[in-house]
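Here's the letter readout for the chains.
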Amino acid sequence: MARAGLTVERIVAAAADLADEAGFDHVTLSALARHFGVRDASLYSHVRNLQDLRTRVALLAGGEMIEHIAAAVAGRAGKDALAAFAGAYREYALRHPGRYAATQIRIDQTLVADSPALRRTAEITYGMLRAYGLGEPDLTDAVRLLRSTFHGYCALEAAGGFGAPRDVQASWDKAVDALHVALSHWPRS
């Protein structure tokens, strides 16, 4: 197959699939060129470099993830919204490990401002937290608490880091309950 049919969208989708199969660190232009049966140079008419490709995968994955979360929280508020948000976050992270890893990279802030997916992430996250009556700077602190808790739990679970006989889902449910209590009794700035 020659270059026929190559588009940015197809390349980024293939890179996202490769990330899930082999790990985000194994996404390379050479691996994608092999996948499409073209030379590495053929990809440069579609993406600038590896960093550009990885950023595009991060934006794709971030959009997928927030749409999954948005569907889960729709029509919910308070603890129900928090539990749905947390569950959808965890489900995406475990089902799509490479894509999820892409969502953790640092993205140039000018791209963040232009990204509908990242703006939607802020809307959905802040919307879910409205029930707790938080304003800035507490809202930013609460988002950081949730993200670090969810990410840490998912990273440990994916790596098999929970060895105790306690059911991992039961521990997750307790963590979400504890976050609800923390958000409900947030120390105001």
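Refer to the structure presented above.
Residues numbered from 1 in each chain as written. Predicted model: local features only at pLDDT ≥ 70, side-chain atom pairs only at ≥ 80, totals over all residues. Heavy atoms only, no water.

Student: Explain the overall build of the protein chain here, please?
Tutor: Within the protein chain one finds ten helices and zero strands. Listed by position from the N terminus, the elements making up the protein chain come as α-α-α-α-α-α-α-α-α-α. For the C-alpha atoms alone, the extent of the protein chain along its principal axes is close to 60 × 40 × 25 Å. The proportion of buried residues among the 189 residues of the protein chain is 38%. Pairs at least 24 residues apart make up 68% of the contacts formed inside the protein chain by residues separated by at least 6 positions. A total of about 10,200 Å² of accessible surface is found on the protein chain, and carbon and sulfur atoms cover 55% of it. (Helix = DSSP H or I, 4+ residues; strand = E, 2+ residues; numbered from the N terminus. Buried < 20%, exposed > 50% of the residue type's maximum accessible area, 1.4 Å probe, protein only. Contact = heavy atoms within 4.5 Å. Areas by Shrake-Rupley, 256 points an atom, 1.4 Å probe, with all protein chains shown as cover.)

Student: How do you make sense of the nonpolar core when you look at a structure like this?
Tutor: Residues Ile69, Leu82, Leu129, Leu146, Phe150 and Leu183 are the most contacted members of the largest nonpolar core, which totals 32 residues. Residue assignment for this core shows that the elements contributing at least two residues are helix 4 (50–73), helix 5 (78–95), helix 8 (116–129), helix 9 (138–158) and helix 10 (168–184). With nine residues, the single largest contributor to this core is helix 5. Not counting the four nearest positions on each side in its chain, leucine 82 is found in contact with Met128, Tyr132, Leu146, Phe150, Val176, Leu179, His180 and Leu183. Within the second largest apolar cluster, 23 residues are counted, among which are Val27, Ala33, Val38 and Val47. (Core = buried A, V, L, I, M, F, W, Y, C linked by side-chain atoms within 4.5 Å.)

Student: What exactly am I supposed to notice about the layout of surface pockets here?
Tutor: With a probe scaled to a water molecule rolled over the atoms, the places where space remains empty come into view. Approximately 1,000 Å³ is the volume found for the largest pocket. Lining of the largest pocket is provided by 27 residues; of these, Thr103, Leu118, Thr121, Val143 and Arg147 occupy positions nearest its centre. Among the secondary structure elements, those contributing two or more residues to the lining of the largest pocket are helix 4, helix 5, helix 7 (109–114), helix 8 and helix 9. The residue makeup of the lining of the largest pocket, split by class, is 16 nonpolar, seven polar and four charged. Each pocket or cavity is described by its volume, and for the second largest pocket that value is around 170 Å³. (1 Å grid on protein atoms, 1.4 Å probe; cavity = no way out; pocket = protein on both sides within 12 Å on 5 of 7 lines; lining within 4 Å. Points joined across faces, edges and corners; volume = space filled by probe spheres on them. Nonpolar A, V, L, I, M, F, W, Y, C, P; charged D, E, K, R; others polar.)

Student: Looking at this structure, how should I read the packing of helix 9 against helix 10?
Tutor: Each pair of packed helices can be summarised by the angle the axes make with each other and by the distance between the axes. Between helix 9 and helix 10, whose axes approach to 11 Å, the crossing angle comes to 170°. Between helix 9 and helix 10, the crossing angle belongs to the class labelled roughly antiparallel. For the pair helix 9 and helix 10, the contacting residues are Ala142, Leu145, Leu146, Thr149, Phe150, Tyr153 and Glu157 in the first and Val168, Ser171, Trp172, Leu179 and Leu183 in the second. Across the contact of helix 9 with helix 10, the residue classes break down as nine nonpolar, two polar and one charged. (Axes fitted to C-alpha atoms, helices over the stretch in contact; angles between N-to-C directions. Parallel < 35°, antiparallel > 145°, perpendicular 65-115°, else oblique.)

Student: Would you mind showing me how to read unusual backbone geometry here?
Tutor: Both trends apply: most residues other than glycine have a negative phi, and most peptide bonds are in trans. For the bond from glutamate 136 to proline 137, the omega torsion is 5°, close enough to zero to count as cis. Take proline 137: it is sitting in the loop between helix 8 and helix 9.

Student: Mind showing me how you'd approach the environment of glycine 63 here?
Tutor: One can find glycine 63 in helix 4. Each C-alpha atom, one on glycine 63 and one on serine 115, is 9.1 Å from the other, the two residues being 52 residues apart in sequence.

Honestly, it's all geometry; don't read function into it.
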